[in-house]
Amino acid sequence: MGYLNKIGTNTYALGTQVVSRGFSYLASREIVEVAAPFITRLRDSTSLSSHVGARDDAEVLYVFRALALQRVSVNVPVGTRFPLHTTAMGRALLMGMSPADLQHLFQGRRLDGYPRPAPQTMPELISLCEKERAQGWTRHYSDHSTALAMPIRNFTGQVVAAINISGPDPVMNAEGVMEALLSELKQTADEIMRQVGGATSASTGQRSFTAHSSID
C-alpha cells in the first residue's frame, strides 16, 4: 500500500504514502484553524453537523467537524476519507478543475459501484461538475441524509478546502429550508475566504441563491 518500504531483512522505512498523507494533513491545518470558529457558529445557528474537508489525490479528507447537538445527526469523524465524486464536499473540491483536469485525476479509477446519485461515468461526472460549478454549491443524498457544500478558495482563486452542512432528509428537505441553509453556508464560506485572503462569491460573480436556482 506504500506505507512501508522493505530495505533489508526485517528492516523497513516509511514509504511515500506516509509523507503524502501527512503533508495533506499539515497543509489543511491553517484552513482548520481559521475555519473552526465559523464552522462551529454555523453548527450552532443551523443545529446541523458541519465539516471542513481537504483534497488528497482523488479523496476528500475530513479535517474538522462540528457535530450537531441533537439526537439524529450526521456523524463523520475527522480523518474519514471518501472518493471525491461520492460526496457533496468532495465535488465542491472539484469545482476548480476543468474537464481535462477531471479526466487526468480519475484516469484508471472506476467511478461506478458507488450508490447513486454519485455519477457512474466520466461524462456524467463532468456534466454534474459543470452544473455545480455554475450554481456555486453541491448537494448529495446518502443514507437518508442530505449534505450541501461549497468550496473555499485562496487569493489565487484555487480551491483549497470545502465546507458542508448535513442532516436528516426530513429536516434538510422541509419547505423553505434549503434556501435558508444555502444562504448561511455561503455567508460562512465568504467569511472564511476573507480570512485566508480568498475571493468571495460576490467578487467572483458567483450566482446568487434564489428559490428558483437553488433546488433544481
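Everything numeric in this text was worked out from a predicted model, so none of it was measured. (Residues numbered from 1 in each chain as written. Predicted model: local features only at pLDDT ≥ 70, side-chain atom pairs only at ≥ 80, totals over all residues. Heavy atoms only, no water.)

Q: Help me get a handle on the overall build of the chain, residues and values and all.
A: Counting secondary structure elements, the chain contains 7 helices and 8 strands. Considering only contacts in the chain between residues 6 or more positions apart, those separated by 24 or more positions represent 56%. Summing over all exposed atoms, the chain offers an accessible surface of approximately 11100 Å²; the carbon and sulfur share of this is 54%. (Helix = DSSP H or I, 4+ residues; strand = E, 2+ residues; numbered from the N terminus. Contact = heavy atoms within 4.5 Å. Areas by Shrake-Rupley, 256 points an atom, 1.4 Å probe, with all protein chains shown as cover.)

Q: I'd like a rundown of the sheet that holds strand β3 (residues 49–56), residues and numbers included.
A: The strand order β5-β4-β3-β8-β7-β6 describes an open sheet built from 6 strands, whose pairing is antiparallel. The open sheet terminates on both sides in strands that have one partner only, identified here as β5 (81–83) and β6 (138–142). Neighbour to neighbour, the strand axes of the sheet diverge by 30° on average, direction disregarded. Two elements, β3 and strand β8 (residues 159–168), share 5 bridges in a ladder whose sense is antiparallel. Within the sheet, the bridge partner assigned to Ser 50 lies in β8 and is Ile 165. (Pairing = 2+ DSSP bridges. Axes fitted to C-alpha atoms, helices over the stretch in contact; angles between N-to-C directions.)

Q: I'd love a proper account of the pattern of salt bridges, names of residues and values included.
A: Applying the stated criterion across every chain, the model contains 9 salt bridges. Here Arg 43 makes a salt bridge to Asp 44, at a shortest N to O gap of 2.7 Å. Given a relative accessible area of 13%, Arg 43 falls into the buried group. The shortest N-O distance in the salt bridge between Glu 124 and Arg 116 comes to 2.6 Å. The class for Arg 116 is exposed, based on a relative accessible area of 55%. Several salt bridges share partner residues, and in doing so they unite Asp 56, Glu 59 and Arg 81 into one network. (Salt bridge = Lys/Arg side-chain N within 4 Å of Asp/Glu carboxyl O. Buried < 20%, exposed > 50% of the residue type's maximum accessible area, 1.4 Å probe, protein only.)

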